[in-house]
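# Structure at a glance
The primary structure of each chain is shown beneath.
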Amino acid sequence: MAFIRKKRQEQQLQLYSKERFSLLLLNLEEYYFEQHTANHILHKGRQNERKIRGSLKICSKSVIFEPDAISQPIIKIPLRDCINIGKHGENGANRHFAKAKSGEISLIFSQVYFIKEHNVVAPYKIERGKMEYVFELDVSGKVEDVVETLLQLHRASCLDKLGDQTAMITAILQSRLARTSFDKNRFQSVSEKLHMECKAEMVTPLVTNPGHVCITDTNLYFQPLNGYPKPVVQITLQDVRRIYKRRHGLMPLGLEVFCTEDDLCSDIYLKFYEPQDRDDLYFYIATYLEHHVAEHTAESYMLQWQRGHLSNYQYLLHLNNLADRSCNDLSQYPVFPWIINDYSSAELDLSNPGTFRDLSKPVGALNKERLERLLTRYQEMPEPKFMYGSHYSSPGYVLFYLVRIAPEYMLCLQNGRFDNADRMFNSIAETWKNCLDGATDFKELIPEFYGDDVSFLVNSLKLDLGKRQGGQMVDDVELPPWASSPEDFLRKSKGALESSYVSEHLHEWIDLIFGYKQKGSDAVGAHNVFHPLTYEGGVDLNSIEDPDEKVAMLTQILEFGQTPKQLFVTPHPRRITSKFKSLPQTSSYNASVACSPVSPGEESFEDLTEESKTLAWNNITKLQLHEQYKIHKEAVTGIAVSRNGSSVFTTSQDSTLKMFSKESKMLQRSISFSNMALSSCLLLPGDATVISSSWDNNVYFYSIAFGRRQDTLMGHDDAVSKICWHDNRLYSASWDSTVKVWSGVPAEMPGTKRHHFDLLAELEHDVSVDTISLNAASTLLVSGTKEGTVNIWDLTTATLLHQSPCHAGTVCDAAFSPDSRHVLSTGADGCLNVIDVQTGMLISSMTSDEPQRCFIWDGNSVLSGSQSGELLVWDLLGAKISERIQGHTGAVTCIWMNEQCSNIITGGEDRQIMFWKLQY
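Because the structure is predicted, anything quoted here is derived from the model rather than measured.

## Here's the deal with the UniProt feature "domain: BEACH-type PH" (unreviewed entry) in the chain
In the numbering adopted here, UniProt assigns the feature "domain: BEACH-type PH" (unreviewed entry) to residues 189-286. A helix fraction of 12% and a strand fraction of 52% characterise residues 189-286, whose end C-alpha atoms lie 22 Å from each other.

Here is the structure:
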C-alpha cells in the first residue's frame, strides 16, 4: 500500500547511499545541511585512544556522527545542549594541541543520543552529564568553516523564542540556497532547454529536504542541497500522469507529481517557498500534460464509480488524492472508513446489515451515550464550538497503525520513544471498541487496511515494542476470530469494502468526509463538527504577526490533523448496484430503475440483446458510412424508422415529411402540412401513424396506410421544437416556454377517426424549450432550454426535481442513460455535461471546440454529431474523445440508432441522410 511502498522506496535510496543515516533522525522541522568524512576520537590523549571512522553530519539543530561500522551506534548531539564548540585545544587544558591537530573539532555538551546500535531500530539511548567529543575531519582546511557554521546554528538553537529560532535557521538556509544553483551538468541531454529554476523542498513523511528545482522541455529535476539521498531526482515529463496542487502547512505551496494513474504514492512532492513558483511550475507541467493526459475531476471519477468502472477502494483513493491527502504528509494522510462492526464472531456474514458500521454517522456519533455527553459539552461551550476534541486522522493515528512497518517514523514523531505498550496497536477488536467507547478516540482507518500488504499487522522486524500490564510482549496485531491469518483479514476486509451494503451506503460516508456534511449547518446536524483549526481556511497564518504564535499554531495544526479539502457541496449520489430492493421506493425515480421480474425465456433474450448492444458500443469507433442520399431542400431535423427497418421517415426545415424506402433506395412520399419548418418526427407503435412537430405551433398526425393527414393538434402558442410518445401519451416541447403532456386515444381504425387529446399536465419554464427526452419507463422527462438550463421532471407528479444551469447558451440535446441514473446534455457552448438524476449534481463536464448538435449514448460512451459535420465518439469515463469520423459537410442535426445498436442514420444541414454500419 501507499506508505509501505514509500517506505521501501526510501530503503532502496538508503541502499543507494550505503548509509544508516536517515532524515528521520532529525527533529521535526530540522534541516540537514552538509556532511564531512571524519573520525570520532575516543579517549583523546590517553593510552587507549582509538578512532572510529564515519561521517559527521551538520544539521540545523544537531550534530550527527554516523560510524561506518554498524556495530557502533549513531551519535546525535543536540546543539541546544552544547556548552562549548570550537577547535580542539582552543579551550582549557588542551590548548597546546591546537596547532598540532588543527583538523579536530571539540564539542562539550550535557546530553547525547545513541541510535541504531548494530543497526537495530529501537528507542534512543540517552546519556546525560557534561562530556566532550572530539571529531577529526579528513580535510583539515574545512575546520574553520564547520566550527563557524556550528556556532551560528548553536546561537539559533539557544534563542529563547521558538519563532526567533525558526527565523534564524530559515535565514541561514536561504543564504545557503542563494549561494548555490542547479548543476546543469546533471541534465540528461545537452540539448535540453531550461524553462525554470527555483528553490524548493522535497517533502517526505515528517521531513523536508531543501534544494533546487529545475524544469526543462523534457525533464523535471530536484537537486538536494545536501546531496542526500542521491545527487539528483529526475522525472521524465513524458512519464507524468497526474499533478496536484497541495496545501502544505496550510499554505498553498505544495505540488505533487505522479507517474501512475491509480497509485496513491507519488513520485515526488515539492514544497515551494513562494506560491508563484509553485503555480508557474504547475502551469508548465499542466500545459505539457494537456497534449498527453486527460484531466480527471472528482465528478469524472464519481461517474466511473457509479457505473461500476471503479471499485469502492479505487474511488476512495482518488477522492483522497483530490482532497489534498498524501502519503507524504502524515497530517493529511489518506483516510478510509471503518466498515466492519463485528470483530467477535467466528464467521463474517457480509449478507447481514448488522455486520457493518453505520456509514451515515461519524465515528464519534456511533455510540449514543457518548454522543449525548459530547453534545451536552458542545451546547455549554463558548464559540467557536466543536463536538470532538481530537480528529479522525492525524500523524499520531497513522503511525499508531503503522508502527510495525515504520518504527523510525514513530521514534521521530515521539522524540526517540515508542508509545506505552498498552496504548499500542495491539488488537483490531480492542481498537474498534476504543473508537466506540473512548472519550477522545474518534479515529478512522487508513488505506492499508484494504490493501494487499500485511506487514503493518506483523512484527516481522522483531521490534521490542514493550510489555503490556498483563505481562505479554507487544508482537503481531491480534486479529478477530473470523480471520485465520493476516492475509485472510485483509482479504475479508476488502470483500466488506466492496460488498453490496457498502456500495449502497458509501456515499453517506463521503458526504461526511469530503462532502456537504463536512461544514456548516449540515455538519452540525450530522454531529460532524471538529476543532476549527482542522478545517481549510480555519486560520490565516499570514495574519499572525508574532513568529512564536505562528510556529506554535502551525505545530498544533500539523500534530492535530486536518480535515480533507471539501470536494462536494451537494448530497453525493449513491452507487448504481444490481440490488435495488433495499433502496426506498418512495419516488418514481427509484421505481423506474428497479428491475421487474421476467420469465427465463425473456431474460435470455434480454441478455442476448444486451450482449449485442455492449459489443456494438465497444466497437462504436469502427463505424463506417454505408450509403447517403440527398432527399431534402433544407436541413434534416428528425428521423424515424419503421420496426422492420424498411421505411425511413424524415422531417426538414423545408417543411416536408418524406418517406424513403431503404430496400428500393427511392423516395416514396413527400408530404407538406404547411409552409413552416418541421422540427421532429416519430412513429407510433404499430407503424401506422407518423407524428411531426412544426414551427407553425402544431403537431401533425399522418396516416401511412391512407396517405393523408389524420389529425392536427393545435396545442402551443409558438413553434413546437420536439415531441415524444409513450403509452398513449404525447409530450410536446415548445418555444412558448412549456412542455405539455397529452392523453392521446388512438383511432379504432387508422385514418377513419380523429385522435382525442386531453391536456394532462403543463410543465412551465422561464424561456423557450428546445429539446426534451423521456427515460426508459417514461416516469421522468428532461428538458433543455434556450438559456442553457437542463430540467429534470417527475412525470408522476408533474413536478420539477432538479434544475441545472449547466450550459452557456442553448441546450442542443439531452437524454437519459439506459438505466435512468444520469442525464447527458450537449449545448451551443460545446460542453457535454452529465447530471446525476438522484441528486441533480453535475458530475462530469467535457468540452469540444464546437457545439455537438445531437447524440446517442449508452451511459459510458457517446456518439455525437458536431457543428462541422463530424461524428465524435466520446469515452465519458476516460474523459476523452476516442474517435473522429468524417460525415456531413454541414452540421449533424439528428441521429437515430436501432435497438441492436448496429445501424445508425444521421441527418444534416447538408440536406442528406447517411446510413452507417458497424464493421466488426
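Structure shown, so let's carry the discussion forward.
## Details of the packing of aromatic side chains
Applying the stated rule across the entire model yields 38 aromatic pairs. A connected cluster of aromatic rings, assembled from ring pairs, spans Trp338, Tyr343, Phe400, Tyr401, Phe425, Trp432, Phe449, Phe456, Trp482 and Phe489. It is Arg176 that lies over the ring of Phe33; its NZ or CZ is 4.8 Å from the centre. If you follow Lys443 out to its NZ or CZ, it ends over the ring of Tyr397, 5.0 Å from the centre.

## Some points on helix α11 (residues 486-497)
Between its first and last C-alpha atoms α11 spans 17 Å; for 12 residues at 1.5 Å apiece the expected length is 16 Å, and the two agree. For α11, every residue scored as buried is listed here: Pro486, Asp488, Phe489, Leu490, Ser493, Ala496 and Leu497. In this fold, the buried residues of α11 make contact with α6 (312-322), α10 (428-437) and α12 (500-513).

## As for the side chain of Ser331
Along the polypeptide, Ser331 turns up in the loop between α6 and α7 (368-380). Separated by 2.7 Å, the side chains of Ser331 and Asp329 make a polar contact. Side-chain polar atoms of Ser331 contact the side chain of Gln562, separated by 3.2 Å. Not counting chain neighbours up to four residues away, the residues in contact with Ser331 comprise Arg325, Pro395, Leu558, Gly561 and Gln562.

## Considerations on the UniProt feature "repeat: WD" (unreviewed entry) in the chain
When the UniProt feature table is mapped onto this chain, "repeat: WD" (unreviewed entry) is found at residues 629-670, 713-743, 762-803, 804-845 and 885-920. The distance from the first to the last C-alpha atom of residues 629-670 is 15 Å, and the span holds 0% helix and 60% strand. For residues 762-803, helix accounts for 0% and strand for 60%, while the C-alpha atoms at its two ends are 17 Å apart.

## Describing the sheet that holds strand β28 (residues 769-774)
Read across the open sheet, the four strands follow the order β28-β29-β30-β31; overall the sheet is antiparallel. The open sheet has two free edges, formed respectively by β28 and β31 (799-804), since each of these has just one partner strand. When the angles between neighbouring strand axes are averaged without regard to direction, this sheet yields 20°. Note that strand β30 (residues 790-794) and β31 share five bridges and pair antiparallel. If you follow Asn791 over to β31, its bridge partner there is Gln803.

## Looking at the domain arrangement of the chain
Domain parsing of the chain yields domain 1 (23-90 + 100-177), domain 2 (182-295), domain 3 (314-560) and domain 4 (639-745 + 757-864). Averaged C-alpha coordinates put domain 1 and domain 3 at centres separated by 38 Å. Contact residues are listed per partner, giving 14 residues for domain 1 and 13 residues for domain 3. Note on domain 1 versus domain 3: buried area summed over both sides is about 1,300 Å², and carbon and sulfur give 69% of it. If you sort the residues of domain 1 by the area they bury against domain 3, Leu24, Leu28 and Val121 come out on top, with a joint share of 43%.

## Brief notes about the environment of Ala421
Turning to its location among the elements, Ala421 is positioned in the loop between α9 (407-413) and α10. With relative accessibility at 9%, the residue Ala421 sits in the buried group. Here the alpha-carbon distance between Ala421 and Asn728, two residues 307 residues apart in the chain, equals 74 Å. Once you skip the residues sitting within four places of it in the chain, Ala421 turns out to touch Asn426, Leu465, Gly466, Lys467, Arg468 and Val474.

Thresholds, definitions, all that
Residues numbered from 1 in each chain as written. Predicted model: local features only at pLDDT ≥ 70, side-chain atom pairs only at ≥ 80, totals over all residues. Heavy atoms only, no water. UniProt positions renumbered as here; feature names shortened; annotations may be inferred. Helix = DSSP H or I, 4+ residues; strand = E, 2+ residues; numbered from the N terminus. Phe/Tyr/Trp six-rings, centres within 6.5 Å; stacked < 30°, edge-to-face > 60°. Lys NZ or Arg CZ within 6 Å of the ring centre and 35° of its normal. Expected span 1.5 Å × (residues − 1). Buried < 20%, exposed > 50% of the residue type's maximum accessible area, 1.4 Å probe, protein only. Contact = heavy atoms within 4.5 Å. Polar contact = N/O pair within 3.5 Å; in protein donor to acceptor, adjacent residues only side chain to side chain. Pairing = 2+ DSSP bridges. Axes fitted to C-alpha atoms, helices over the stretch in contact; angles between N-to-C directions. Domains from an automatic or database assignment. Buried area = accessible area lost by both parts, 1.4 Å probe.

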